[in-house]
Amino acid sequence: NGKQKLVAHSIKFFEPYLETHGFLRVHRSYMINPNHVKEYNQIDEYLMMTNGQKADISRRRRFILKDFK
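Residues numbered from 1 in each chain as written. Predicted model: local features only at pLDDT ≥ 70, side-chain atom pairs only at ≥ 80, totals over all residues. Heavy atoms only, no water.

A. Looking closely at the layout of surface pockets. The computed volume of the largest pocket comes to approximately 1,000 Å³. Contributing to the lining of the largest pocket are 22 residues, with Lys3, Phe23, Met31, Asn51 and Gln53 lying nearest its centre. Among the secondary structure elements, those contributing two or more residues to the lining of the largest pocket are α1 (11-19), β2 (30-32) and β5 (54-56). The residue makeup of the lining of the largest pocket, split by class, is ten nonpolar, nine polar and three charged. (1 Å grid on protein atoms, 1.4 Å probe; cavity = no way out; pocket = protein on both sides within 12 Å on 5 of 7 lines; lining within 4 Å. Points joined across faces, edges and corners; volume = space filled by probe spheres on them. Helix = DSSP H or I, 4+ residues; strand = E, 2+ residues; numbered from the N terminus. Nonpolar A, V, L, I, M, F, W, Y, C, P; charged D, E, K, R; others polar.)

In structure tokens:
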């Protein structure tokens, strides 16, 4: 719904729970819901989300997105 929450935990803390719900860790700062990916820019290595935000992709985690076009 676009609302933001401030939490006192790292993404690593939430990662196991979010992965069981289909989220992917694509960068040390981003976990994404693949159902909300609008575009995958392989040249500049980012994802454009349906809400208009960009999520960078780390080089180490590019393999996760091999099935996106």
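B. Structural view of the pattern of salt bridges. Inspection of every chain in the model, using the stated rule, returns two salt bridges. As a salt-bridge pair, glutamate 15 and arginine 25 come within 2.9 Å of each other at their nearest N and O atoms. In this pair, glutamate 15 sits in helix α1 while arginine 25 sits in strand β1 (residues 24-27), placing the two residues ten residues apart along the sequence. The class for glutamate 15 is buried, based on a relative accessible area of 15%. Overall, the relative accessible area of 10% leaves arginine 25 in the buried class. Glutamate 45 serves as the salt-bridge partner of arginine 62, at 3.1 Å between the closest nitrogen and oxygen. On the criterion of sequence distance, the pair formed by arginine 62 in the segment after β5 and glutamate 45 in the loop between β3 (37-41) and β4 (46-49) is long-range, its members being 17 residues apart. Look at arginine 62 and you get partly exposed, because its relative accessible area is 35%. (Salt bridge = Lys/Arg side-chain N within 4 Å of Asp/Glu carboxyl O. Buried < 20%, exposed > 50% of the residue type's maximum accessible area, 1.4 Å probe, protein only.)

C. How the structure looks around the confidence of the model for the chain. Summing up the model confidence of the chain, the mean pLDDT is 89 and the portion of residues at 70 or higher is 94%. Taken element by element, the predicted model of the chain shows its lowest mean pLDDT in β3 (92) and its highest in α1 (95). (pLDDT = per-residue confidence, 0-100.)

D. Representation of the pairing of β1 in the model. Where β1 and β2 come together, three bridges link them in antiparallel fashion. Counterpart to histidine 27 in the pairing with β2 is tyrosine 30. Counting the residues between successive antiparallel strands, the hairpin from β1 to β2 contains two residues. (Pairing = 2+ DSSP bridges.)

E. Quick look at the packing of aromatic side chains. Applying the stated criterion across every chain yields a total of one aromatic pair. The interplanar angle of 90° and the centroid separation of 5.0 Å between the aromatic rings of phenylalanine 13 and phenylalanine 14 together place this pair among those described as edge-to-face. (Phe/Tyr/Trp six-rings, centres within 6.5 Å; stacked < 30°, edge-to-face > 60°.)

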